[in-house]
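# Working through the structure, step by step
Chain by chain, the residues run as shown.
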Amino acid sequence: MPAQVNYDEVEVGAQLPARSFPVNRATLVQYAGASGDFNPIHWNEAFARSVGLPDVIGHGMFTMAEAIRVVTDWLGDPGAVVEYGVRFTKPVVVPNDGTGAVIEVTGKVAVKLDDRRVRVDLVATSGGEKVLGMSRAVVQLT
């Protein structure tokens, strides 16, 4: 399915619909099973604290995957993402309090490129802290 967003109708500065992604300990266990990343910093509070973390933290790749969902939901086609990169700036701390954490993601069209592509810049925060830096995706539009 091709992207449902038309290059000619997109303007620089256009905001993508923001999303909130809840994360709890069960989410982390499910992601660990799917990814094979069973590092105890993602599920064992005592271990996480023993290595200097404030609590269990979410997997960086999980955070990255949740953030790009803002773009793929907007496009209607995950295959339209041709480049994606981030810098991990802060971990997503996931307390075992029945609530967990929330990853808040916003995005905007930053630049129109050649070949009907645009760069989308994302901002991902959790607990009021920016958790991804330089989060950018290049996408192919119709």
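A brief structural summary. All figures in this text were calculated on a predicted structure; none of them were measured in a lab.

Here we take up the packing of aromatic side chains. Taken as a whole and judged by the stated rule, the model has one aromatic pair. Between the aromatic rings of Y31 and F62, the centroid separation amounts to 5.4 Å while the plane-to-plane angle is 65°, which identifies the pairing as edge-to-face. Residue Y31 is found in helix α1 (residues 25-35), and its partner F62 is found in helix α3 (residues 60-75); the two are separated by 31 residues along the sequence. By relative accessible area, F62 is classed as buried at 9%.

Moving on: α1. Of the residues making up α1, those classed as buried are R25, T27, L28 and A32. Buried residues of α1, seen end-on, are gathered within an arc of 155° and therefore sit on one face of the element. Every exposed residue of α1 that faces more than 90 degrees away from the buried side is listed here: Q30, G33 and A34. As for α1, its buried residues are in contact with β1 (15-23), α2 (45-50) and α3.

So, about the sheet that holds strand β4 (residues 117-126). Pairing within the open sheet is antiparallel, and its five strands lie in the order β1-β3-β4-β5-β2. Two strands lie at the open edges of the sheet, namely β1 and β2 (81-88), each paired on one side alone. Between one strand axis and the next, the sheet turns by 20° as a mean value, whatever way the strands run. The pairing of β4 with strand β5 (residues 129-140) spans nine bridges and is antiparallel. Looking across to β5, one finds that S126 is bridged to E129.

On to the pattern of salt bridges. Tallied over the entire structure, the rule returns nine salt bridges. Its salt-bridge partner being D121, residue R119 comes within 2.8 Å of it at the nearest N-O pair. Residue R136 pairs with D121 through a salt bridge whose shortest N-O separation is 3.7 Å. Separated by 15 residues along the polypeptide, R136 in strand β5 and D121 in strand β4 bring together distant segments of the chain. Note on R136: relative accessible area 34%, which makes it partly exposed. Within the structure, one salt-bridge network assembled from shared partners comprises R25, E45, R49 and D55.

Attention now goes to α3. If you check α3, its first and last C-alpha atoms are 23 Å apart, about what 16 residues at 1.5 Å a residue would give, namely 22 Å. Along α3, the largest kink reaches about 30° and is centred on R69. When we look at burial in α3, the residues that qualify are F62, T63, M64, E66, A67, I68, V70, V71, T72 and L75. Positive phi shows up at G76, right after α3, with a value of about 80°.

Turning our eyes to something else, we now look at unusual backbone geometry. Despite not being glycine, D115 shows a phi value in the positive range, around 60°. The topology assignment puts D115 in the loop between β3 (101-112) and β4. Unusually for a residue other than glycine, M134 sits at a positive phi of about 50°. The residue M134 is located in strand β5 in this model. With relative accessibility at 44%, the residue M134 sits in the partly exposed group.

Definitions and cut-offs
- Residues numbered from 1 in each chain as written.
- Predicted model: local features only at pLDDT ≥ 70, side-chain atom pairs only at ≥ 80, totals over all residues.
- Heavy atoms only, no water.
- Phe/Tyr/Trp six-rings, centres within 6.5 Å; stacked < 30°, edge-to-face > 60°.
- Helix = DSSP H or I, 4+ residues; strand = E, 2+ residues; numbered from the N terminus.
- Buried < 20%, exposed > 50% of the residue type's maximum accessible area, 1.4 Å probe, protein only.
- Arc of directions from axis to C-beta.
- Contact = heavy atoms within 4.5 Å.
- Pairing = 2+ DSSP bridges.
- Axes fitted to C-alpha atoms, helices over the stretch in contact; angles between N-to-C directions.
- Salt bridge = Lys/Arg side-chain N within 4 Å of Asp/Glu carboxyl O.
- Expected span 1.5 Å × (residues − 1).
- Bend = angle between axes of the 7 residues up to and from the residue.

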